[in-house]
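# Report on the structure
Below, each chain spelled out in residue letters.
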Amino acid sequence: MRRSDALLLVALALLSPGLRAQPVDDPADELPPGHPGGDSSLPAGHPGADTPPPQDRVSPAPDLRPGTIEVHVRDAKDQPLASVPVTLGILHNDVATGDSKTEQSGTTNAEGIVRFEGLAIGTAYSYRPRVDRGPARFASEPLRLEPTNGQRVLLHVFPTVRDIREALVGMRAVVFVQPRDDVFHVEENVQVLNIGQTAWVPEGVGLPLPAGAKAFRVGDSMSDIRFEKGKDEVAELRGTFGPGQHELGFQFELDNAHDRTRQLRIALPPHVAELRVIAEATRGMTLRVSGFPDAEPMQGQDGSRLLVTGKRLARGDSALTTVDVSLENLPVPSQGRWYAVVLAALFAGGGLLLALRSQGRDSSRPLGAEESAEAEGLLLGELVQLEKLRSADKIGPRTYEETRRALLDALVRLAARAAPRST
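Presented here is an overview of the structure given in this document. Source: prediction; values computed, not measured. (Residues numbered from 1 in each chain as written. Predicted model: local features only at pLDDT ≥ 70, side-chain atom pairs only at ≥ 80, totals over all residues. Heavy atoms only, no water.)

Strand order in this open sheet of seven strands is β14-β17-β11-β10-β19-β22-β21, and the pairing throughout is mixed. A single partner strand is all that each edge strand has here, and the edge strands are β14 (214-217) and β21 (296-299). Averaged over neighbouring strand pairs, the angle between their axes works out to 20° when direction is ignored. The pairing of strand β11 (residues 183-194) with strand β17 (residues 244-255) spans 12 bridges and is classified as antiparallel. Bridge pairing links Asn194 to Gly244 in β17. (Pairing = 2+ DSSP bridges. Helix = DSSP H or I, 4+ residues; strand = E, 2+ residues; numbered from the N terminus. Axes fitted to C-alpha atoms, helices over the stretch in contact; angles between N-to-C directions.)

Following this line, the structure appears as structure tokens:
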């Protein structure tokens, strides 16, 4: 499981009890006007949330020959759809040559069924049937074939809207901030809940990234539901959000200028009804989020110290479109932290020879055995001290690598300067 996936599961567990079992708790009382379920003003003829939508399903089929996937395509009323083109996406994982993607296509018969036969079996192959309908793409979860049976897939196609106000879609979000030695690592994970019978395909939904954001990443997935980096430093929301629950997210980094306070403005997707902000905290650090309760300390599963705050919208609350996060009392580099760096620069830059000359030694001649041994001892001592600082987590990985490289370079220079040893 990727770190971001594990983080989302942990963070969602921090939400109010029963949220995952009950997607929306009495929405007419909890959500603001205009939010799906927040009032009764739905478009004429819009399907309500009182009738559960039919569910997609993937199940083993012992009656099917191994290497076979049978796809049943149905509409929002669970009725078969005939003459519908179906595409089977195939992902082949190969350590030697890398991943490759291919496709097969077929068309449903009068009963809304299409079969794909003679497919490769094993963990190296993943399959994903889908139906493209206008801007929407309805697909099953990725599946693998077993040597003892085929797989049967039930796939539903729903009416589609582009405007989120015409769908029963709400969201929960988790923003996680981790101060690191040289950067702030930021993750934004979103849970999208569609409780209606209409699929939502976002159009022009983009989240502006903070100025200076870099290293934008999303998780690898066969799903078309994702964030994608667009123009002008915007994270664009893509995919088809059919009835049910969908989870996605993205990550980016911001330079750490080592100031005592860092303020971040994080953009949120539409219809966020609940938000949690989590920061991994150093000793003495505080987390403040505008309009949110005071952050409470918690312990992460890895023993790290976390600060957590959150907010759930109620009737009359303004929509959550951005969140202002302030990290205060951040650690700043002390003189001791850069001690090894200064010494490494001194040695690597020739300062060692200047220091020897200041003690009355001639820097133009090769160093004698005693002088070489003295200088070598100083450098090796600094290497030992550097390892201790890194083990105690008092310096970051970049500082460690740069300082270690400089000290080793100084040892090489010293060996070149030393007089040849007699044999």
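What follows is about the sheet that holds strand β20 (residues 286-289). In spatial order, the strands read β18-β23-β20; together these three strands make up an open sheet with antiparallel pairing. Only two strands of the sheet have a single neighbouring strand rather than two, namely β18 (262-267) and β20. The average angle at which neighbouring strand axes cross in this sheet is 20°, direction not considered. By the bridge criterion, six bridges tie β18 to strand β23 (residues 322-328) in an arrangement that is antiparallel. Bridge pairing in β23 links Gln263 to Ser326.

For the rest of this paragraph, the subject is the pattern of salt bridges. Applying the stated criterion across every chain yields a total of 21 salt bridges. One salt bridge connects Arg238 with Glu228, and the closest N-O pair in it is separated by 3.6 Å. Taken together, the positions of Arg238 in strand β16 (residues 234-238) and Glu228 in strand β15 (residues 226-230) put the pair 10 residues apart, joining distant regions of the chain. Exposure remark for Arg238: the relative accessible area of 34% places this residue in the partly exposed category. When its relative accessible area of 29% is taken as the criterion, Glu228 is described as partly exposed. A salt bridge links Arg404 to Glu387; the shortest N-O distance between them is 4.0 Å. Taken together, the residues Arg404 in helix α6 (residues 397-417) and Glu387 in helix α5 (residues 369-391) connect sequence positions 17 residues apart. The class for Arg404 is partly exposed, based on a relative accessible area of 34%. The class for Glu387 is partly exposed, based on a relative accessible area of 34%. One connected set of salt bridges, linked through shared partners, spans Asp63, Glu70, Arg115 and Arg152. (Salt bridge = Lys/Arg side-chain N within 4 Å of Asp/Glu carboxyl O. Buried < 20%, exposed > 50% of the residue type's maximum accessible area, 1.4 Å probe, protein only.)

One non-glycine residue with positive phi stands out, namely Ala215, at about 55°. Its place among the elements puts Ala215 in strand β14. Given a relative accessible area of 36%, Ala215 falls into the partly exposed group. For Asp232, which is not glycine, the phi torsion reads 60° and is therefore positive.

This brings us to the pairing of strand β10 (residues 169-179). Across the 11 residues of β10, 10 count as buried, placing the element largely inside the fold. As judged from the 11 bridges shared by β10 and β11, these two strands associate in the antiparallel manner. Directly across from Gly170, in β11, lies its bridge partner Leu193. In this structure, the hairpin formed by β10 and β11 is closed by a connection of three residues. Direction of pairing for β10 relative to strand β19 (residues 272-280): parallel, over a ladder of seven bridges. Across the sheet, residue Val175 finds its bridge partner in β19, namely Val277.

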